[in-house]
Amino acid sequence: MSLSATSEPSMDFGNWNLNKNLDLTYDEEFMGLPLMVARRPFVVEYLEVLHGVMRKALEAYGRVFAFRCDPRLPQGMEAGSEYFRNDIASRFVASLKAKIRHNRDSAASTGMRVHDTEVRYFWVREVGDAGRVHYHFVFFLNADAFRWLGDYESPRSNTRKRVMEAWASALGMPVEETQGLVHFPDDSSYLLRRDDPASLRAFFWRASYMCKAETKQYGHGHHGYGLSRG
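Residues numbered from 1 in each chain as written. Predicted model: local features only at pLDDT ≥ 70, side-chain atom pairs only at ≥ 80, totals over all residues. Heavy atoms only, no water.

It is worth spelling out the nonpolar core at this point. Counting 34 residues, the largest nonpolar core has Phe122, Phe140, Leu192 and Phe203 as the members making the most contacts within it. Among the secondary structure elements, those contributing two or more residues to this core are β6 (42–43), α1 (44–60), β7 (63–71), β8 (120–127), β9 (133–142), β11 (189–193), α4 (197–207) and β12 (225–227). Among residues more than four places away in sequence, those in contact with Phe122 are Tyr46, Val49, Leu50, His136, Phe137, Val138, Met210, Cys211, Tyr225, Gly226 and Leu227. (Core = buried A, V, L, I, M, F, W, Y, C linked by side-chain atoms within 4.5 Å. Buried < 20%, exposed > 50% of the residue type's maximum accessible area, 1.4 Å probe, protein only. Helix = DSSP H or I, 4+ residues; strand = E, 2+ residues; numbered from the N terminus. Contact = heavy atoms within 4.5 Å.)

Glancing now at the layout of surface pockets. Using a probe with the size of a water molecule, rolled over the atoms, empty space left in the structure can be pinpointed. The volume enclosed by the largest pocket comes to roughly 530 Å³. Residue lining of the largest pocket: 18 residues in total, with Asn103, Arg104, Ala145, Phe146 and Trp148 positioned closest to the centre. Elements supplying a minimum of two residues to the lining of the largest pocket: α2 (87–109) and α3 (159–171). Broken down by element, the residue count for the lining of the largest pocket peaks at three residues, all from α2. Tallied by class, residues from the lining of the largest pocket come to six nonpolar, six polar and six charged. (1 Å grid on protein atoms, 1.4 Å probe; cavity = no way out; pocket = protein on both sides within 12 Å on 5 of 7 lines; lining within 4 Å. Points joined across faces, edges and corners; volume = space filled by probe spheres on them. Nonpolar A, V, L, I, M, F, W, Y, C, P; charged D, E, K, R; others polar.)

Let's shift gears to α3. With 13 residues, α3 should reach 18 Å at 1.5 Å per residue; the first-to-last C-alpha distance of 19 Å fits that figure. Along α3, ten of the 13 residues are buried, which leaves the element largely enclosed by surrounding structure. Among all positions in α3, only Thr159, Lys161, Arg162, Val163, Met164, Ala166, Trp167, Ala168, Ala170 and Leu171 are buried. Between the side-chain oxygen at the start of α3 and the backbone nitrogen of Arg160 there is a gap of 3.2 Å, and the oxygen is on Asn158. A positive backbone phi angle near 70° is found at Gly172, which sits one or two residues after α3. (Expected span 1.5 Å × (residues − 1). Polar contact = N/O pair within 3.5 Å; in protein donor to acceptor, adjacent residues only side chain to side chain.)

No statement about biological role is implied by the geometric values presented.
Given below as structure tokens:
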């Protein structure tokens, strides 16, 4: 089932507005994987996209490093129509991809054996009670290339720092002025193994949070989600 343009009329479900062409589920599992039932209902189409991107990553790599992050807009950037174009999400992904590409190229230039990676992802846009836009992202990388987020305070480059720098770039702001705008949830990173169903179940339960219907908003003529196509 495919998502339709979010310019279609929406349905009011209390504190969220759902596109009338999207379906809800109150099930406890999706395709045999557990859902975070406390956050029901979920948007079926979003679950399909999340599962599909995860599956593509695991088809490409036997081990996948997956991590969540929640970038937010600064104070003063309310949920005006200009922020529903999602250009900022595209800039964020492009910047992070460039930083990862630079890391791989730099490592290869030393003569070391280097594992490459595609950058696969899925994101959703939400609007909080105060009207501030925020995003939930999940990224999937080759675990032979990247295996952990790292510490922002570390003097060495790492994935966490690249994510925060990429969000600052997307906002057009110095990274020093964007501290606190990228949240990494508890249990934000996972090692997925193609031959380990338990690792997939643990990840999908946690990531299903992104697919909850609550706090999603539609009707601005733009999609409320995005994904890698490869």
